[in-house]
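A look at the structure
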Amino acid sequence: MRRSMSFVSFFVLAVLIGFNTSITTLQNGAFRCLDTLCGMFFWGAHRVDGLWHVALIESAFKQWPPLTPILFNIPLRGYNYLLDFVAHLISLMGVPALRVYFVLLPIVWTFSMIFAVCWFTKRMHQSLSFLFFFLVLVFFGTNMNFLFSLYHHKTFLDFQSFGAALNLVNMQYAFSLITVLGIMGILAQYKATKKELFAMALLLSLALALKFYTGAIMLVLVVSVLTFSKHNVRDLVFIIGIFSMAMFMLYGPLTVARGEPIFSFSPFALSDRFIENSEYFYLPGLANAKYVLMQNSWGPRLFAIHLLALGLFVFFEFGIQLVGLVDIVARGIRHKLFPLDLGLCIAIIAGVAASVMFVQRGQWWNVVQFLYVSLFLMSYFSARAVVVLWGRAPYIIIVLLLLLAPFNFSVWYSFTKPEIGASYIQKEELEAIKYFKKLPGSTFLYLPADSTDTAPPPLWDTPDSPYVPALSGKESYIQSEEILKILDVVYEDRLAQVKRGEVPNVDYIYAYGPPKPFCRYDMEIRQKATPLYTNTPVYIYTLR
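Residues numbered from 1 in each chain as written. Predicted model: local features only at pLDDT ≥ 70, side-chain atom pairs only at ≥ 80, totals over all residues. Heavy atoms only, no water.

Put simply, helix α9 (residues 212-228) and helix α10 (residues 233-251) touch, their axes get as near as 10 Å, and they point 170 degrees apart. With respect to α10, the axis of α9 lies roughly antiparallel. Mapping the contact onto sequence places F212, G215, A216, L219, V222, V223, L226 and T227 in α9 and D235, L236, I239, I240, F243, M247 and Y251 in α10. Looking at the contact of α9 with α10 residue by residue, the classes come out as 12 nonpolar, two polar and one charged. (Axes fitted to C-alpha atoms, helices over the stretch in contact; angles between N-to-C directions. Helix = DSSP H or I, 4+ residues; strand = E, 2+ residues; numbered from the N terminus. Parallel < 35°, antiparallel > 145°, perpendicular 65-115°, else oblique. Contact = heavy atoms within 4.5 Å. Nonpolar A, V, L, I, M, F, W, Y, C, P; charged D, E, K, R; others polar.)

Written out as structure tokens, the structure is:
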């Protein structure tokens with residue numbers, strides 16, 4: 001009876017995992033009709049981030065070093081493009097880049113992640129119960145930020161947050177988690193053999209290549225565990241040396257084209273939003289007091305406000321993962337925390353600290369990705385705690401598992417309602433892009449249309465979506481300013497050049513909508529070009 005119940009439980013979990021993968025990724029780029037509206041649909045962050053990676057797959061690696069597909073003739077530096085390069089190699093076999101990124105990679109990741117979790121569980125000599133709950137947390141774990149939406153808007157369906165159900169929205173991060181499990185598995189039974197040392201160095205470098213934030217936190221974990229285990233200092237030197245070489249080869253020094261560091265020290269910038277933003281745990285009195293106190297430098301009252309905001313940040317961001325503290329405290333009291341446990345604790349703290357102590361150039365809040373790694377590591381302790389509590393207080397665990405439902409349901413809801421969570425490329429524009437892709441030449445200038453207010457919105461109304469480079473394989477002269485900020489390349493001179501009506505080295509103009517009399521540079525640029533194709537609302541010109 002117990003065996004049949006276990007089989008049913010794992011079967012249901014497998015179905016939910018498969019459903020989640022298909023909902024959040026597989027349907028992107030598919031042609032469908034919504035009433036009389038037909039086109040190619042994209043959901044959530046895939047409208048920008050996903051299509052950015054498709055653009056990389058399509059055009060960045062046609063030369064070396066790879067070029068930025070949204071800023072003509074600018075090398076792509078300091079960016080984690082390993083997965084995109086692998087996807088590009090697959091696309092050379094004849095598989096369209098859209099299908100590689102939105103179908104093949106998610107399926108490969110899902111099966112690989114399940115295998116990695118099973119391998120790790122077996123290596124840790126954990127039970128089937130641990131495997132089940134660990135899989136639940138890995139694929140469906142979430143924070144408690146939906147409570148803010150429930151309080152402010154009386155619904156949990158419209159709050160934008162990040163949880164395990166959205167791992168595949170950040171595909172590079174998702175694949176890096178497989179390397180995390182590999183490193184943890186090796187550290188759990190580390191015997192200091194050369195084979196283990198080289199395998200760990202390889203996985204650490206791979207984690208760094210897939211996602212810088214994951215690689216950095218994994219270095220903290222590896223160094224901490226080897227230090228607590230009192231292994232040979234040469235192992236530490238070897239690991240740090242390999243990591244440093246990989247860092248330099250993949251990202252270069254942590255400075256950008258502007259000559260400034262990528263990360264700047266700005267204590268509590270991310271956590272303070274919990275008391276400053278009206279969508280969170282809004283405390284305007286304390287927020288105002290904070291800025292008054294900041295004028296007089298640091299003091300105990302200012303520090304207390306920061307600590308309160310930090311406590312709220314940790315509580316709501318970790319959510320049910322905080323149950324892992326039960327396992328940490330219980331084992332700590334009994335002196336049962338092993339080197340891997342201690343190393344994980346330090347790595348988790350490091351991820352939180354990096355998120356709240358620094359800001360990132362381009363997009364200051366991008367440091368939150370350090371926190372994502374900490375949340376994943378915490379799921380190990382949470383799964384151990386849930387296994388123990390399940391045998392002693394199952395009703396508590398049932399309540400905790402029910403708290404997973406709101407966020408995951410909101411993800412599934414938004415990814416199945418095109419009018420809520422999607423944008424589309426209408427049929428006529430798809431025909432124009434198909435024609436555009438066949439034209440010789442590789443460089444174009446994108447002239448966007450005016451914003452509209454429709455639901456679902458057309459993709460051209462998402463200014464930062466690089467959908468034309470992604471679907472045409474051509475290189476944009478300048479586009480997607482938000483992505484350029486994250487890449488931290490100097491683009492302002494190029495933008496000013498375009499606004500003066502100067503477009504050297506451009507083969508084509510891809511314009512959405514007719515000329516705009518109120519936009520001088522739009523009119524001037526089109527006057528220099530020869531009309532080549534019109535399929536309302538797309539206008540294609542040639543500058544040859």
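Picking up where we left off.
Let us look at the nonpolar core. By size, the foremost hydrophobic cluster in this structure holds 152 residues, and its most contacted members are M200, L221, L377 and Y467. Considering every element that reaches this core, the biggest residue donor is helix α16 (residues 368-392), with 15 residues. Apart from the residues within four sequence positions on either side, M200 is in contact with I183, I186, L187, Y190, V222, L226 and I239. In this structure, V48, I478, V503 and I525 belong to the second largest nonpolar core, which totals 30 residues. (Core = buried A, V, L, I, M, F, W, Y, C linked by side-chain atoms within 4.5 Å. Buried < 20%, exposed > 50% of the residue type's maximum accessible area, 1.4 Å probe, protein only.)

Attention now moves to the pattern of salt bridges. Across all of its chains, the model carries 10 salt bridges by this definition. Taking the shortest distance from any N to any O, the salt bridge between K437 and E58 comes out at 3.9 Å. Of the two residues, K437 is situated in helix α20 (residues 427-438) and E58 in helix α2 (residues 49-59); the sequence distance between them amounts to 379 residues. Owing to a relative accessible area of 43%, K437 belongs among the partly exposed residues under this scheme. The structure contains a network of salt bridges with shared partners spanning D327, R331, D341 and R384. (Salt bridge = Lys/Arg side-chain N within 4 Å of Asp/Glu carboxyl O.)

Taken residue by residue, helix α14 (residues 324-333) has G324, D327 and I328 as its buried positions. Down the axis, α14 shows its buried residues gathered within 95 degrees of arc, on one side only. Next to the buried residues of α14 lie α15 (339-357) and α16. Directly beyond the C-terminal end of α14, a positive phi value near 55 degrees is found at H335. (Arc of directions from axis to C-beta.)

This next bit is on the state of the cysteines. Following the criterion strictly, the structure yields one disulfide and no others. There is a disulfide in this structure between C33 and C38, and the S-S distance comes to 1.9 Å. Judged by the torsion about the S-S bond (110 degrees), the C33/C38 disulfide is right-handed. Look at C33 and you get partly exposed, because its relative accessible area is 44%. (Disulfide = S-S within 2.5 Å.)

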